[in-house]
Amino acid sequence: MKFGPVSIEKAEGGILAHTLVAGDIRFRKSHRLTAADIAAIRAAGIQEVIVALLDPDDLAEDDAAETIVTSLSFDNLDAKPASTGRVNIYAAKAGVFVVDKALVDAINGIDPAITLATLPQFAHVENGQMAATVKIIPFAVASEKLRQVAALCAGKQIFSVHPFKPMKVGLIQTTLPGTKASVLDKTTRITQSRLARSSSQISSEQRPPHESGAVSQAIGKASAGNDMVIVFGASAMSDCDDVVPAAIRQAGGTVMRCGMPVDPGNLLVLGEIDGKFVIGAPGCARSPKENGFDWVLDRLIAGVPVNDADIAAMGVGGLLMEIPNRPQPREAKQTAGATVDAIILAAGRSSRMGGPNKLLALFDGEPLARRMAERALASKAQHVHVVTGHQADAIRSTLDGLDVEFVHNADFASGLSSSLKAGITALSDDTAGVLVVLGDMPGVTTEDFDRMIAAFEKSGGLSVVRAVHNGKRGNPVLLPRALFPELATLEGDTGARHIVESGDVPVVDVEIGAAATLDVDTRDLLESAGGVLQG
């Protein structure tokens, strides 16, 4: 390929390096010039253009990207059509992403013109989430380079998604004198929310005393009727002969690992009984924030092996975010006070349903409003506020027992903006951003919320973060405090879209898949999404 300025007489067939305006005609960057184009450009008095001229053995960027993707072997992922030299590859199922790092490195080492980027090894992915992308840097690549890629990839699988296999989980929480039932109840809710991302569920729960004999009996009972057992100790594991590992052995199981080089998550125990895994959860797993427990749990539910050596290899990258409930204070965060709250808008009249309230519809046997609240509570949002209006008592009853703060919007009939403003007024002075969640979007998950919050934190708390699907804007949206005064001026049945798109603050788009654009406004949409209307 030859790149640079050429006379217009030699430019036919060339690919424009930059947008070009010739009289009334605008030629886009990457446009391949035809004889008619050349005539129009010459007529406009332009004598020279900057183009890429392909050699006979070159493939144009889109063709090159697609040729590379056809050389790659992968499972449970889908490649989209090439555009501007890029092919994006998306997870076709929820699960754990596994990648051959050495093969990716080898491909990227062939030529800087060829790039392949992926999610990290063992990343949890949702269905529809982008997991990898092939990008061609110049306008074309020599065919010989593409043949080298094909030769490297022959007979090898470069990456795959190991889909989750939903499990029934037996939960055990040990108790000591003074153990609060509220702490145990919250742990149950958070654990169920963690399991929800794999469609697994807690099918039994026991709360025995924190003694190895009692815990051993509970493990035996739980393992008989479940696929996995999770044990939360009332006191943290401090030795491989402590209560939880000792109980696993007494129940006839084996202990594979005590402790892990992931912080938070150090005090995890991994055992096995009758071919079923038993996880002694570290205390940090009572929090919804990511920790080493998540790494092990997701891999096991996806059928990705985890043994003593696998856990020992988790140290690089294992220093995770600080959590506030440490027994000894740690270094203060530099962004003290930069918190994110969530607002769930649940005040609407469901007028397009013709009577029943869509937020009370059942999804997998659970009311939609409760489903959304639980997912928000399990996220990294500090507080969850629920704005009520239509059938407020029914919504409150549906959320009974959840640690949410209710805000009633008496003016709910005036439209969406009144609910948004009511929610904003409930936020504290140290709230740096608010995650606005529509109550009727059943596909949005806790991980989606957390990815948006992470993007907000990465931006320094100064950007709008917007959920998108294949580049199409959707919901939820995370708004920084800088926009709160403008939100107070909204009127009618409108949200914050025009404020977001005003350009006053930067916007970060986070791809979350089809969930970003699926709201269940009509009976047909709700039922096709798996919902069952009540009444």
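Q: What's the story with the overall build of the chain in this structure? I'm lost.
A: In terms of regular secondary structure, the chain is built from 16 helices and 31 strands. Projected onto its principal axes, the C-alpha coordinates of the chain cover approximately 90 × 60 × 50 Å. Each of the 535 residues in the chain was classed as buried or not, and the buried ones make up 50%. Considering only contacts within the chain whose residues lie at least 6 apart along the sequence, 70% involve residues at least 24 apart. With the model as given, the accessible surface of the chain reaches about 23900 Å², and the carbon-plus-sulfur share is 52%.

Q: What am I meant to see in the sheet that holds strand 12 (residues 123–125) here?
A: In a beta sheet, neighbouring strands are held together by backbone hydrogen bonds and run either parallel or antiparallel to one another. Pairing is mixed in the open sheet, where 4 strands are placed in the order 7-15-10-12. The open sheet is flanked by strand 7 (74–75) and strand 12, the only strands paired with a single partner. Pairing between strand 10 (residues 95–99) and strand 15 (residues 159–163): 5 bridges, direction antiparallel. By the bridge assignment for strand 15, G95 is matched with P163.

Q: What is the right way to read a nonpolar patch on the surface from this model?
A: A surface patch of nonpolar side chains, amounting to about 270 Å² of accessible area, comprises M1, F3 and I50. Position of M1 relative to the elements: it lies in the segment before strand 1 (2–7).

Q: What should I look at first to understand the packing of helix 2 (residues 61–71) against helix 4 (residues 143–153) in this one?
A: In a packed pair of helices, the relevant descriptors are the angle between the two axes and the axis-to-axis distance. In contact at an axis separation of 9 Å, helix 2 and helix 4 are set at 15° when each is read in the N-to-C sense. With respect to helix 4, the axis of helix 2 lies roughly parallel. Note on packing geometry: the crossing formed by helix 2 with helix 4 is right-handed. From helix 2, A64, T67, I68 and S71 reach across to helix 4, where they touch L146, V149, A150 and C153. Looking at the contact of helix 2 with helix 4, its residues break down into 6 nonpolar, 2 polar and no charged.

Q: Sorry, what's going on with the nonpolar core here?
A: Generally speaking, soluble globular proteins have nonpolar side chains that are buried together. Among the nonpolar cores identified, the biggest contains 64 residues, and I395, L399, V434, L435, L479 and L487 are the most heavily contacted of them. Setting aside anything within four residues of it in sequence, one finds V434 in contact with D341, I343, I424, L427, V477, L478, L479 and F484. Counting 33 residues, the second largest nonpolar core, distinct from the first, contains A64, V99, L116 and V134.

Q: Even after reading the chapter, I still don't get the sheet that holds strand 30 (residues 507–511), so can you show me in this structure?
A: Pairing is mixed across the open sheet formed by 7 strands, whose spatial order is 26-25-22-27-29-28-30. Pairing within the sheet leaves two strands with one partner each, and these edge strands are strand 26 (405–408) and strand 30. For this sheet the average axis-to-axis angle between neighbouring strands, irrespective of direction, equals 25°. Relative to strand 27 (residues 431–438), strand 22 (residues 339–346) runs parallel, the two being bridged by 7 bridges. Its bridge partner lying in strand 27, T339 is registered against T431. In this fold helix 10 (residues 368–377) packs onto strand 22, strand 25 (384–388) and strand 27, with an angle of close to 180° to the strand it touches most, strand 22. Sheet strands touched by helix 12 (residues 416–425): strand 22, strand 25, strand 26 and strand 27. Its angle to strand 22, the strand with the most contacts, is close to 145°.

Q: Help me understand the environment of D403, please; the structure alone is not making it clear to me.
A: Looking at the element boundaries, D403 is found in the loop between helix 11 (392–398) and strand 26. A residue is classified by how much of its surface remains accessible, and D403, at 56% relative accessible area, is exposed. Separated by 11 residues in sequence, D403 and S414 have C-alpha atoms that sit 28 Å apart.

Q: How should the pairing of strand 26 be read in this particular structure?
A: The two faces of a sheet get side chains in turn, since along a regular strand they alternate between them. The pairing of strand 25 with strand 26 spans 4 bridges and is parallel. Residue pairing for strand 26: H385 is matched across the bridge by E405. Once you follow strand 25 into helix 11 and on to strand 26, the crossover reads as right-handed.

Q: Explanation requested: the state of the cysteines in the structure shown.
A: Here a disulfide denotes one covalent bond, and it connects the sulfur atoms of two cysteines. Considering all chains together, one arrives at 1 disulfide under this definition. Sulfur-sulfur distance for the disulfide between C240 and C258 comes to 2.2 Å. Judged by the sign of its S-S torsion, about 65°, the bond between C240 and C258 is right-handed. Residue C240 is located in the loop between strand 18 (228–232) and helix 7 (243–250), and its partner C258 is located in strand 19 (residues 254–258); the two are separated by 18 residues in the primary sequence. The class for C240 is partly exposed, based on a relative accessible area of 28%.

About the criteria used
- Residues numbered from 1 in each chain as written.
- Predicted model: local features only at pLDDT ≥ 70, side-chain atom pairs only at ≥ 80, totals over all residues.
- Heavy atoms only, no water.
- Helix = DSSP H or I, 4+ residues; strand = E, 2+ residues; numbered from the N terminus.
- Buried < 20%, exposed > 50% of the residue type's maximum accessible area, 1.4 Å probe, protein only.
- Contact = heavy atoms within 4.5 Å.
- Areas by Shrake-Rupley, 256 points an atom, 1.4 Å probe, with all protein chains shown as cover.
- Pairing = 2+ DSSP bridges.
- Patch = residues over 30% accessible without salt bridge, like charges linked within 9 Å, V, L, I, M, F, W, Y side chains within 5 Å.
- Salt bridge = Lys/Arg side-chain N within 4 Å of Asp/Glu carboxyl O.
- Axes fitted to C-alpha atoms, helices over the stretch in contact; angles between N-to-C directions.
- Parallel < 35°, antiparallel > 145°, perpendicular 65-115°, else oblique.
- Left-handed = near helix turned anticlockwise from the far one by under 90°.
- Nonpolar A, V, L, I, M, F, W, Y, C, P; charged D, E, K, R; others polar.
- Core = buried A, V, L, I, M, F, W, Y, C linked by side-chain atoms within 4.5 Å.
- Right-handed = clockwise from strand over helix to strand, strands pointing away.
- Disulfide = S-S within 2.5 Å.

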